[in-house]
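# Fold and contact review
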Amino acid sequence: MNKVFLVGRLSRELDMRVTVSGKAVCSFSLTVAFRTRVREETDAIDCVAWDALAEQIAQEGGDGRRVAIEGRLHSRQREGADGQRRKVTEVVVRDIEFLDKPG
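The paragraphs below set out a description of the structure included in this document. The shown structure was predicted, so the numbers you read here are calculated from the model rather than taken from an experiment.

### Quick word on the overall build of the chain
The number of helices and strands found in the chain is one helix and six strands. Element order for the chain, N to C, with α for helix and β for strand: β-β-β-β-α-β-β. Structurally, the chain occupies a C-alpha span of about 45 × 35 × 30 Å along its principal axes. A sequence separation of at least 24 residues applies to 54% of the contacts in the chain between residues at least 6 apart. In the structure as shown, the chain presents an accessible area of about 7100 Å², 46% of it carried by carbon and sulfur atoms. Distance between charge centroids for the chain: 5 Å, based on 18 positive and 17 negative side chains.

### A look at the pairing of strand E2 (residues 15–18)
In this sheet, strand E3 (residues 24–35) lies alongside E2 in antiparallel orientation, the contact comprising four bridges. Considered in E3, the bridge of methionine 16 is made with cysteine 26.

### Some details on the state of the cysteines
One pass over the structure, following the stated rule, counts zero disulfides. Free cysteine cysteine 26: the closest other cysteine sulfur is in cysteine 47, separated by 9.9 Å. Accessibility expressed as a relative area gives 0% for cysteine 26, which makes it buried. Take cysteine 47: its relative accessible area is 1%, and that puts it in the buried class.

### What about the pattern of salt bridges?
Taken as a whole and assessed by the stated rule, the structure comprises nine salt bridges. Lysine 3 is the salt-bridge partner of glutamate 70, the closest N and O atoms lying 3.8 Å from each other. Note that glutamate 70 is positioned in strand E5 (residues 66–79) and lysine 3 in the segment before strand E1 (4–10), a separation of 67 residues in sequence. Of the residues examined, glutamate 70 reaches a relative accessible area of 15% and is grouped as buried. Looking at lysine 3, the relative accessible area reads 44%, which means it is partly exposed.

### Structural notes on the nonpolar core
In terms of nonpolar packing, the biggest core is built from 19 residues, with Leu30, Ile69 and Val93 touching the most fellow members. Those elements that provide at least two residues to this core are E1, E3, strand E4 (40–50), helix H1 (51–60), E5 and strand E6 (85–98). Take this core: its biggest share by element is five residues, from E3. Not counting residues up to four positions away in its chain, the partners in contact with isoleucine 69 are Val4, Phe5, Leu6, Leu30, Cys47, Val91, Val93, Asp95 and Ile96.

### Brief notes about the environment of valine 25
Here valine 25 lies in strand E3. Not counting chain neighbours up to four residues away, the residues in contact with valine 25 comprise Asp15, Met16, Arg17, Thr19, Val48, Ala49, Trp50 and Ala54.

### Here's the deal with the side chain of serine 29
Along the polypeptide, serine 29 turns up in strand E3. Its relative accessible area of 5% is what places serine 29 among the buried residues. In this view, serine 29 contacts Arg9, Leu10, Ser11, Arg12, Ala44, Ile45 and Asp46; residues no more than four positions away in its chain are not counted.

The rules behind these values
- Residues numbered from 1 in each chain as written.
- Predicted model: local features only at pLDDT ≥ 70, side-chain atom pairs only at ≥ 80, totals over all residues.
- Heavy atoms only, no water.
- Helix = DSSP H or I, 4+ residues; strand = E, 2+ residues; numbered from the N terminus.
- Contact = heavy atoms within 4.5 Å.
- Areas by Shrake-Rupley, 256 points an atom, 1.4 Å probe, with all protein chains shown as cover.
- Lys, Arg positive; Asp, Glu negative; His and termini not counted.
- Charge placed at Lys NZ, Arg CZ, Asp CG, Glu CD.
- Pairing = 2+ DSSP bridges.
- Disulfide = S-S within 2.5 Å.
- Buried < 20%, exposed > 50% of the residue type's maximum accessible area, 1.4 Å probe, protein only.
- Salt bridge = Lys/Arg side-chain N within 4 Å of Asp/Glu carboxyl O.
- Core = buried A, V, L, I, M, F, W, Y, C linked by side-chain atoms within 4.5 Å.

In structure tokens:
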């Protein structure tokens, strides 16, 4: 089973684009806080949404909005600007719930 549930804040400018086949895709980063024995820390988790969900996030989302997402982990290879291949792991979002009012 590959299922991810996260609650955090949108932390990077939303990157909304349309593929050559006409599909909407929205990439963003979700900052998730957690507490260790010593201090509170955060992780920035890369996320991607497709089609109508991508359009909804682009419309309603904004830096700092608190959200809950449900999705799956996905790993892929991509080529960087320097020509090196890199492994990218991201959450493919299936559902999102905005937990605060737009500010």
